[in-house]
Amino acid sequence: MTNLEMLQAYRAAVIDLHDLAVQLDRTGSSGTPRGAAGLRLDTLPGTNDPVAAAMQASDGIEEMMDRKRTELADLAVPVGMLLSQIGNFRTFMVIQNYYLQASTDTDIARKLSMSRARINQIRNDYIAQVG
C-alpha cells in the first residue's frame with residue numbers, strides 16, 4: 001500500500017465510522033427507532049417485531065463500527081509516522097485535517113484562514129511529494 005493509498009483508506013474509514021455513528025444515533029438506546037420509525041406496525045401480517053428488528057440493526061451497526069475502529073487502529077501508527085515527517089506546520093495541519101479528521105477543503109480553509117484553492121494546492125503538493 002502506497003502512502004497515498006494509506007491516507008485515503010484512513011480518510012474513508014473515518015467517514016464510514018461517522019456515517020455509522022449517525023445511523024446508530026437514529027436508533028434509541030434500547031434499540032428502538034426514534035420518531036416516525038418507532039411506530040409499531042403490528043397490524044401488518046408477516047412483519048417482524050419492530051423492536052427486535054431495530055435491535056438487530058443496532059447490533060449490526062455496532063459490529064461494523066468495531067471493524068472500522070480496528071481498521072483505523074491498524075492504520076494509526078503508519079499514518080502517524082508519515083505525518084511526523086512533515087516539516088511545514090501549515091502542510092501538517094492541512095493533511096491532518098483532511099485525512100485524519102475527514103474535513104473538507106472549505107472547512108479547513110475556514111479553520112486556517114486560507115482560501116480553499118490554497119488548501120487544495122498544499123494538499124496536492126504534499127501528495128506529489130510522498131506519492
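Residues numbered from 1 in each chain as written. Predicted model: local features only at pLDDT ≥ 70, side-chain atom pairs only at ≥ 80, totals over all residues. Heavy atoms only, no water.

Take the overall build of the protein chain next. Secondary structure summary: the protein chain contains 5 helices and 0 strands in total. Traced from its N-terminal end to its C-terminal end, the protein chain shows the element sequence α-α-α-α-α. The 131 residues of the protein chain split such that 33% are buried. Counting contacts in the protein chain only where the partners sit at least 6 residues apart, residues at least 24 apart contribute 61% of the total. With the model as given, the accessible surface of the protein chain reaches about 8,200 Å², and the carbon-plus-sulfur share is 53%. (Helix = DSSP H or I, 4+ residues; strand = E, 2+ residues; numbered from the N terminus. Buried < 20%, exposed > 50% of the residue type's maximum accessible area, 1.4 Å probe, protein only. Contact = heavy atoms within 4.5 Å. Areas by Shrake-Rupley, 256 points an atom, 1.4 Å probe, with all protein chains shown as cover.)

Core analysis: the largest hydrophobic core is formed by 29 residues, its most contacted members being Leu7 and Val79. In terms of residue count, helix α1 (residues 3-25) provides more of this core than any other element does, 9 residues in total. Non-local contacts of Leu7, meaning those with residues more than four positions away in its chain, are made with Val79, Leu82, Leu83, Tyr99 and Tyr126. (Core = buried A, V, L, I, M, F, W, Y, C linked by side-chain atoms within 4.5 Å.)

Glancing now at the packing of helix α3 (residues 89-100) against helix α5 (residues 116-130). Running from N to C, α3 and α5 point in directions that differ by 95 degrees, and their axes come no closer than 9 Å. Between α3 and α5, the angle falls in the class roughly perpendicular. Contacts between α3 and α5 involve Arg90, Thr91, Val94, Ile95, Tyr98 and Tyr99 on the former and, on the latter, Ile119, Ile122, Arg123, Tyr126 and Ile127. For the contact of α3 with α5, the class distribution of residues is 8 nonpolar, 1 polar and 2 charged. (Axes fitted to C-alpha atoms, helices over the stretch in contact; angles between N-to-C directions. Parallel < 35°, antiparallel > 145°, perpendicular 65-115°, else oblique. Nonpolar A, V, L, I, M, F, W, Y, C, P; charged D, E, K, R; others polar.)

Our focus in this paragraph is the pattern of salt bridges. Going through the model one piece at a time under the given rule, you end up with 6 salt bridges. Here Arg69 makes a salt bridge to Asp66, at a shortest N to O gap of 3.1 Å. Of this pair, Arg69 and Asp66 both sit in helix α2 (residues 50-84), 3 residues apart, which is roughly one turn of that helix. Judged by relative accessible area, which is 42%, Arg69 ranks as partly exposed. Asp66 sits in the partly exposed class, given a relative accessible area of 45%. A salt bridge links Lys68 to Glu71; the nearest nitrogen and oxygen atoms lie 3.4 Å apart. Remark: Glu71 and Lys68 occur in helix α2; sequence separation between them is 3 residues, near one turn of the helix. Salt bridges sharing common partners tie together Asp16, Lys68 and Glu71. (Salt bridge = Lys/Arg side-chain N within 4 Å of Asp/Glu carboxyl O.)

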